[in-house]
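Summary of the model geometry
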Amino acid sequence: MARRELTDDEWELTEPFLPIGRYGPYPEHLREQFEGVIWRFRTGSQWREMPPEFGVWQTVYDRFVQWRRATTIPTGPTGGASGAGAAHG
């Protein structure tokens, strides 16, 4: 069973705001990838330390970068994700 960072109700509210983009991810992996991003910031761990149930860490990181560029995830003084992707590891 996969570790869950969000309840089903929270995911239902969040999913429509996540752009998928031209290439992937497969929609069935979108929740796991988003929850991997939440796990990364909740724990403060490096991307490379991400448990495999969230997917390959590089894929989750790339998805985070796409969401950040699409301003889905706020950055800067109030957003908390500033500089989060400065190093892949």
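Below or above, wherever it landed, is the structure these notes cover. (Residues numbered from 1 in each chain as written. Predicted model: local features only at pLDDT ≥ 70, side-chain atom pairs only at ≥ 80, totals over all residues. Heavy atoms only, no water.)

1. Examining the packing of aromatic side chains
Using the criterion set out here, one finds seven aromatic pairs in the structure. For the ring pair Phe-41 and Trp-47, a centre distance of 6.1 Å and an interplane angle of 90 degrees mean the geometry is edge-to-face. You can call Trp-47 buried: its relative accessible area is 0%. With relative accessibility at 31%, the residue Phe-41 sits in the partly exposed group. Three or more aromatic residues link up through ring pairs in this structure, and these residues are Phe-41, Trp-47, Tyr-61 and Phe-64. The ring of Phe-41 is capped by Arg-40, whose NZ or CZ atom sits 4.9 Å from the centre of that ring. (Phe/Tyr/Trp six-rings, centres within 6.5 Å; stacked < 30°, edge-to-face > 60°. Buried < 20%, exposed > 50% of the residue type's maximum accessible area, 1.4 Å probe, protein only. Lys NZ or Arg CZ within 6 Å of the ring centre and 35° of its normal.)

2. What to know about the nonpolar core
One finds Trp-11, Leu-18, Phe-34, Val-37, Trp-47, Met-50 and Trp-67 to be the most contacted residues of the largest nonpolar core, which totals 16 residues. Listing elements by their share of this core, those giving two or more residues are helix H2 (27–43) and helix H3 (57–69). With six residues, the top contributor of residues to this core is H3. (Core = buried A, V, L, I, M, F, W, Y, C linked by side-chain atoms within 4.5 Å. Helix = DSSP H or I, 4+ residues; strand = E, 2+ residues; numbered from the N terminus.)

3. Examining the environment of Glu-5
Position of Glu-5 among the secondary structure elements: in the segment before helix H1 (8–14). Along the backbone, Glu-5 and Arg-31 are 26 residues apart, and their C-alpha atoms lie at a distance of 9.7 Å. Within polar-contact distance, the side chain of Glu-5 engages the side chain of Arg-42 at 2.9 Å. (Polar contact = N/O pair within 3.5 Å; in protein donor to acceptor, adjacent residues only side chain to side chain.)

4. Structural notes on H2
Between the first and last C-alpha of H2 there are 25 Å, a value that for 17 residues agrees with the 24 Å anticipated at 1.5 Å per step. Backbone geometry just after H2 places Gly-44 at a positive phi near 75 degrees. (Expected span 1.5 Å × (residues − 1).)

5. Considerations on the side chain of Ser-45
As for its position among the elements, Ser-45 is in the loop between H2 and H3. Residue classification places Ser-45 among the buried residues on the basis of a relative accessible area of 16%. Side-chain polar atoms of Ser-45 contact the side chain of Thr-43, separated by 3.0 Å. Not counting residues within four places of it along the chain, the set of residues in contact with Ser-45 comprises Trp-39 and Arg-40. (Contact = heavy atoms within 4.5 Å.)

6. Looking at the environment of Arg-63
Following the sequence through the fold, Arg-63 ends up in helix H3. Along the chain, Arg-63 and Ile-20 lie 43 residues apart, while their C-alpha atoms are 8.7 Å from each other.

7. A few points about a negative patch on the surface
Taken together, Asp-9, Glu-10, Glu-12 and Glu-15 make up a surface patch of like negative charges. Tracing the backbone shows Asp-9 in helix H1. (Patch = residues over 30% accessible without salt bridge, like charges linked within 9 Å, V, L, I, M, F, W, Y side chains within 5 Å. Areas by Shrake-Rupley, 256 points an atom, 1.4 Å probe, with all protein chains shown as cover. Salt bridge = Lys/Arg side-chain N within 4 Å of Asp/Glu carboxyl O. Lys, Arg positive; Asp, Glu negative; His and termini not counted. Charge placed at Lys NZ, Arg CZ, Asp CG, Glu CD.)

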